[in-house]
Amino acid sequence: MTTFNELKTEADRRWQDLVAGDKPWIRVGTAMCGQAVGAVEVVAALRSELEACDIPATVDEVGCLGMCYAEPLVDVMKPGGPRVFFSGMAPEDVGSLIDEYLVNDRVPPKNVMGYLGEPSRDDIPDLNSLPVVAMQRRIALRNAGNTAPDDIYQYIANGGCAGLNKALFKMEPDAVVEEMKASGMRGRGGAAFLTGLKWSFMVRSSGPPKYILANCEEGDPGAYNDKGILESDPFTLLEGIAIAGYATGATNGIVFIRHGHDGPIDRTEKAIEEAYKAGVLGQNILGSEFSFDIEVSLTGESYVAGEETALMESIEGKRSMPRARPPFPAAFGVWGKPSTINNVKTLSYAPEIISKGSEWFSSIGVEGSTGTAIVCLNGSIVYPGLYEVPMGLTLGQVINDLGGGVPGGKRLKLLQTGGPLGGVLGADSLEIHLDFDEMKEAGAILGSGGIIVADEDACAVDLTRVLVAFCQYESCGKCFPCRLGMTHMLEIMERIARLEGTRSDLELCSSVGQTMQAGSLCGHGQLGFNPVRSALEFFDSDFRAHIEEKRCPTGACNKTVLSPRNTRFFAEDVRAKNQPLEFAARS
Amino acid sequence: MVATENGNLRERIRQAVAGQKRPTTTVLSSLLAAQDELGYLPGEAIEEVARLTDASINDVWGVASFYTNFRFEPPAEHMVEVCWGPTCHLVGASTILKQLLDDLGLTGEGDTSDGRITLKYNTCLGACAQAPVMSIDHHLRGRMTIEKARSLVAQASKRDS
């Protein structure tokens, strides 16, 4: 059994070797954003070149530093030097990086981006002077891009497990729940419910077993922050789950991820393995009386699986269709046992909140929306990436100051926030603050943190059609108002996009939307009209042009209209194509 | 001959389903394991999963037909997925998709007649910062243009799996 102090001593020793040793430490971001632009190939080239040149160096694959636009990003720390960043790397750039910088200490001009840390350099920019770094306040993402996601000692050396240790040895479970309540932390998954309050619901439920479920389904197009945390720093999630488990008296944690997202899956499973080895998970964690297990559960492709009751159905191996509530998960959850479902981001804040205290956390952000927002900026924006900023900034500050605004001198047209069900905002929304309640009042949600930016070339009808097509494709089919309503709404949107719509189509849409809202079990149907409602509110002129003047002002709708048809077909259709089945008797 | 092939198929399915490493196995996890092994779910997989998880054939079909990543015929040699999520759409995914469909002689999701390429739409591949995104044999490729996408698909068509 290893105590926290023993782990910390070992972690600090290893960390000193890394940062103050005699070998360069090279970190390469290979999260999904890096992989998509060739980071894996860059790492391979780097390793083979270093070996060929016989240069000893530590090479770590890390997660996402947030500046996805700069990927593939190579971060080189030479003994006694600052971290120097090389952006947009390709395998053929590796040779000159090694020759020029590693061997000769000349900075190759082609890829150099800047430096971080001491000693300062005057020949290249200090990254802290860039808004993409300076405007951030990283809590849940504090280690992303800085530490190796498979090395628990790097995590512990940077403050990891201190929160869990404090909870286990200095706090009663109820005190942990109270601390979370006092921090004002609200769920980052979409509903923005008070996290501490949610935890308190399960405290008195009977167990064992009792479950903490970490939701990383994250099917929202435009959001990649949950996956980003799992790829960059899975330990902060695991520690957060263990803290939630201790606070609520749970025995088991399940990390729920979509099949096919191999980076997040592999890194989480590796981290779980390392955590068990270090005694941070399993029996008598850190030498305490508390025991807790965590495993990964994969879901098939289904957006609705991210809804909390559908998620439990999926973990049980069934169709991910929502359950009726009550009973609520805190009493009757997965396998009929008490369960608390939190989003990955929400749980990832817990270690720092417990370690540094609720006052520290609630001093960041604004009243009612404490802490930070983790936003995924993408679309027509100069610096797309994964950023963590204090709550209370305006959307304008995030889009223009941090994100660099719309490229090519074009005008901002609309923002789509919080996933497809979140709705759209117009260009006049830049004064709105990152604040759960203010966003909701404005008709949008902060939700999962995705912010999709569209410029003047985008057509509100075209984008709304795509959002509705997504919602139609992903309706699970359980509630007919959603299943049929979404299909109906897509037909209407396609009609309008083909310039065949009429004014009465919009009334029909609204009537269908109201039925969906009243008659659906989960948010998918209840909020399914949001994209259309909000688009009509902000971009009525776009709809009028299509319907009354029979033209698409930007021409986006004149291109081929492609949208997949729902493929959740009946088993009979599949069986008709296959050989007749021999019926397997149940034993 | 047919019987042996069928026997091998069943054996591969049984091993894949029985060899799952995660502690909790369910109908869904077993179907995912079978499809990871074979690339699709033949009728035999449905039967074997039903046997091994003590579920009914209908229950297993129910799950298999629900999740859109399951397929019931062997895939082509290479899997090309193109993202049509809103971010990718805004930055040109539909024109890339249209060009690939034309090049491959397809009108929608499906397999090419020569059995080389399976084209699939994906609702979000998860690398929106690098939009437009596609994936070839599960390797993500971002910052796509029509030219880059065509050349990647052409390379895959020529490559043996």
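This text goes with the structure placed above it.
Residues numbered from 1 in each chain as written. Chains lettered and ligands numbered in written order. Predicted model: local features only at pLDDT ≥ 70, side-chain atom pairs only at ≥ 80, totals over all residues. Heavy atoms only, no water.

Colleague: Help me understand the overall build of chain B, please; the structure alone is not making it clear to me.
Modeller: Counting its regular elements, chain B contains seven helices and five strands. Tracing chain B from N to C terminus, the helices and strands come up as α-α-α-α-β-α-α-β-β-β-β-α. Across its three principal axes, chain B shows a C-alpha extent of roughly 50 × 35 × 25 Å. Relative to its full complement of 161 residues, chain B shows a buried share of 59%. Taking contacts inside chain B between residues at least 6 apart in sequence as the whole, the part at least 24 apart equals 61%. Working note: accessible area of chain B is about 6700 Å², and carbon and sulfur atoms make up 49% of it. For chain B, the separation between the mean place of its 16 positive charges and that of its 20 negative charges on side chains is 7 Å. (Helix = DSSP H or I, 4+ residues; strand = E, 2+ residues; numbered from the N terminus. Buried < 20%, exposed > 50% of the residue type's maximum accessible area, 1.4 Å probe, protein only. Contact = heavy atoms within 4.5 Å. Areas by Shrake-Rupley, 256 points an atom, 1.4 Å probe, with all protein chains shown as cover. Lys, Arg positive; Asp, Glu negative; His and termini not counted. Charge placed at Lys NZ, Arg CZ, Asp CG, Glu CD.)

Colleague: Help me out: how do you make sense of the overall build of chain A in this one?
Modeller: The helix and strand inventory of chain A stands at 24 helices and 16 strands. Each principal axis of the C-alpha distribution contributes one length, and for chain A these read about 75 × 60 × 60 Å. Across the 587 residues of chain A, 62% fall into the buried class. Contacts in chain A between residues far apart in sequence, at least 24 positions, make up 71% of those at least 6 positions apart.

Colleague: What is the right way to read the environment of Arg483(A) from this model?
Modeller: Residues and elements named next belong to chain A. Within the secondary structure, Arg-483 sits in helix H19 (residues 480-497). Spatially, the C-alpha atoms of Arg-483 and Gln-472 are 7.2 Å apart, while their sequence positions differ by eleven residues. In contact with Arg-483, other than residues within four places in its own chain, are Ser-475, Gly-477 and Lys-478.

Colleague: Which parts of the structure should I look at to understand the environment of Cys216(A)?
Modeller: Residues and elements named next belong to chain A. With respect to the element layout, Cys-216 can be found in strand E6 (residues 211-216). In this structure, the C-alpha to C-alpha distance between Cys-216 and Asp-151, residues 65 residues apart in sequence, is 21 Å. Among residues more than four places away in sequence, those in contact with Cys-216 are Asp-226, Lys-227, Leu-230, Phe-256, Ile-257, Arg-258 and Val-344.

Colleague: Even after reading the chapter, I still don't get unusual backbone geometry, so can you show me in this structure?
Modeller: Most peptide bonds are trans, and most residues other than glycine sit at a negative phi. Here the bond from Glu71(A) into Pro72(A) is cis, since omega is -10°, no more than 30 degrees from zero. By secondary structure assignment, the location of Pro72(A) is in the loop between strand E2 (58-62) and strand E3 (74-77). A positive phi angle, near 70°, is found at His138(B), a position not held by glycine. The topology assignment puts His138(B) in the loop between strand E4 (134-136) and strand E5 (139-141).

Colleague: Got a minute to help me understand the packing of aromatic side chains in this structure?
Modeller: Any two aromatic rings considered together are summarised by their centre-to-centre distance and by the angle between their planes. Residue and element names in this part refer to chain A. Under the defined criterion, the tally for this structure stands at 15 aromatic pairs over all chains. On the numbers, 6.3 Å between centres and 55° between planes, the contact of Trp-360 with Phe-361 is tilted. One aromatic cluster is present, built from ring pairs that chain together Tyr-246, Phe-290 and Phe-292. Sitting over the ring of Tyr-153, Arg-14 keeps its end group 3.8 Å from the ring centre. When the ring centre of Tyr-101 is taken as origin, the NZ or CZ atom of Lys-78, which lies over that ring, is 4.7 Å away. (Phe/Tyr/Trp six-rings, centres within 6.5 Å; stacked < 30°, edge-to-face > 60°. Lys NZ or Arg CZ within 6 Å of the ring centre and 35° of its normal.)

Colleague: Would you mind showing me how to read the sheet that holds strand E12 (residues 372-379) of chain A here?
Modeller: Across a sheet, strands are paired by hydrogen bonds formed along the backbone, either parallel or antiparallel in direction. Residues and elements named next belong to chain A. In space, the five strands of this open sheet follow the order E13-E12-E16-E14-E15, with mixed pairing throughout. Looking along the sheet, the strands with just one partner apiece sit at the ends: strand E13 (385-390) and strand E15 (424-426). Strand after strand, the sheet turns through a mean of 30° between neighbouring axes, direction not considered. Pairing of strand E14 (residues 412-417) with E15 involves three bridges; the strand directions are antiparallel. Bridging from a neighbouring strand, Gln-416 pairs with Val-424 of E15. In this fold helix H18 (residues 460-474) packs onto E14 and E15, with an angle of close to 15° to the strand it touches most, E14. (Pairing = 2+ DSSP bridges. Axes fitted to C-alpha atoms, helices over the stretch in contact; angles between N-to-C directions.)

Colleague: Is there a simple way to explain the interface of chain A and chain B in this structure?
Modeller: Each partner contributes residues to the interface: chain A has 73 residues there, and chain B has 55 residues. When chain A packs against chain B, close to 5500 Å² is buried across both sides, 60% of that on carbon and sulfur atoms. Here chain A and chain B share three salt bridges between them. Put simply, Arg22(B) and Glu269(A) hold a salt bridge, and the shortest N to O gap is 2.6 Å. Listing elements by their share of the side of chain A that touches chain B, those giving two or more residues are helix H2 (32-35), helix H12 (262-278), strand E8 (293-299), helix H13 (308-315), E12, strand E16 (450-455), H18 and helix H24 (571-577) of chain A. Ranked by residue count, the leading element in the side of chain A that touches chain B is H18(A), at nine residues. The residue inventory of the side of chain A that touches chain B, partitioned by class, reads 35 nonpolar, 18 polar and 20 charged. (Buried area = accessible area lost by both parts, 1.4 Å probe. Salt bridge = Lys/Arg side-chain N within 4 Å of Asp/Glu carboxyl O. Nonpolar A, V, L, I, M, F, W, Y, C, P; charged D, E, K, R; others polar.)

Colleague: Help me out: how do you make sense of the nonpolar core in this one?
Modeller: Note that soluble globular proteins tend to have their nonpolar side chains buried in a common cluster. One finds Val176(A), Trp199(A), Ile241(A), Val255(A), Val280(A), Phe292(A) and Leu31(B) to be the most contacted residues of the largest nonpolar core, which totals 109 residues. The element contributing the most residues to this core is helix H11 (residues 234-248) of chain A, with nine residues. Once you skip the residues sitting within four places of it in the chain, Val280(A) turns out to touch Leu7(A), Ile152(A), Cys161(A), Leu164(A), Ala275(A), Ile285(A) and Leu286(A). Membership of the second largest hydrophobic core comes to 58 residues, among which are Val461(A), Leu506(A), Ala535(A) and Leu106(B). (Core = buried A, V, L, I, M, F, W, Y, C linked by side-chain atoms within 4.5 Å.)

Colleague: For this particular structure, what's the right way to read the pairing of strand E5 (residues 112-116) of chain A?
Modeller: The side chains of a regular strand alternate, residue by residue, between the two faces of the sheet. Residues and elements named next belong to chain A. With four of its five residues buried, E5 lies for the most part within the structure. Pairing geometry for strand E4 (residues 83-86) and E5, over four bridges, is antiparallel. If you follow Val-84 over to E5, its bridge partner there is Tyr-115.

Colleague: When you look at the sheet that holds strand E7 (residues 252-258) of chain A in this model, what are you seeing that I'm missing?
Modeller: All names here are of chain A. As summarised here, the arrangement of the four strands in space is E8-E7-E6-E9, forming an open sheet in which the pairing is parallel. Every other strand in the sheet has two partners, leaving E8 and strand E9 (339-343) as the edge strands with one partner each. Between one strand and the next, the sheet's axes are offset by a mean angle of 25°, whatever the strand orientation. Bridge analysis of E7 against E8 gives seven bridges, and the strand direction is parallel. Bridge pairing in E8 places Ile-254 opposite Glu-295. Sheet contacts for helix H9 (residues 195-203): E6 and E9; angle to E9, the most-contacted strand, approximately 160°. Its contacts with the sheet place helix H10 (residues 225-232) against E6, E7 and E9, and it is angled at close to 110° to E6.

Colleague: Can you help me understand helix H16 (residues 395-402) of chain A in this one?
Modeller: Inspection of H16(A) places Leu395(A), Gly396(A), Val398(A), Ile399(A) and Leu402(A) among the buried residues, and these make up the whole buried set. Once H16(A) finishes, Gly404(A) follows within two positions and takes phi at roughly 80°, a positive value.

Colleague: Help me understand the pattern of salt bridges, please; the structure alone is not making it clear to me.
Modeller: Side chains that differ in charge, positive against negative, can pair when their charged atoms come close. Residue and element names in this part refer to chain A. Going through the model one piece at a time under the given rule, you end up with 51 salt bridges over all chains. A salt bridge links Arg-204 to Asp-174, with the nearest nitrogen and oxygen atoms 3.5 Å apart. Of this pair, Arg-204 sits in the loop between H9 and E6 while Asp-174 sits in helix H8 (residues 173-183); the two residues are 30 residues apart in sequence, bridging distant segments of the chain. For Asp-457, the salt bridge is made with Lys-410, and the minimal N-O distance between the two is 2.7 Å. Highlighted residues: Asp-457 in the loop between E16 and H18 and Lys-410 in the loop between H16 and E14, separated in sequence by 47 residues. For Asp-457, a relative accessible area of 41% puts it in the partly exposed group. By relative accessible area, Lys-410 is classed as partly exposed at 37%.

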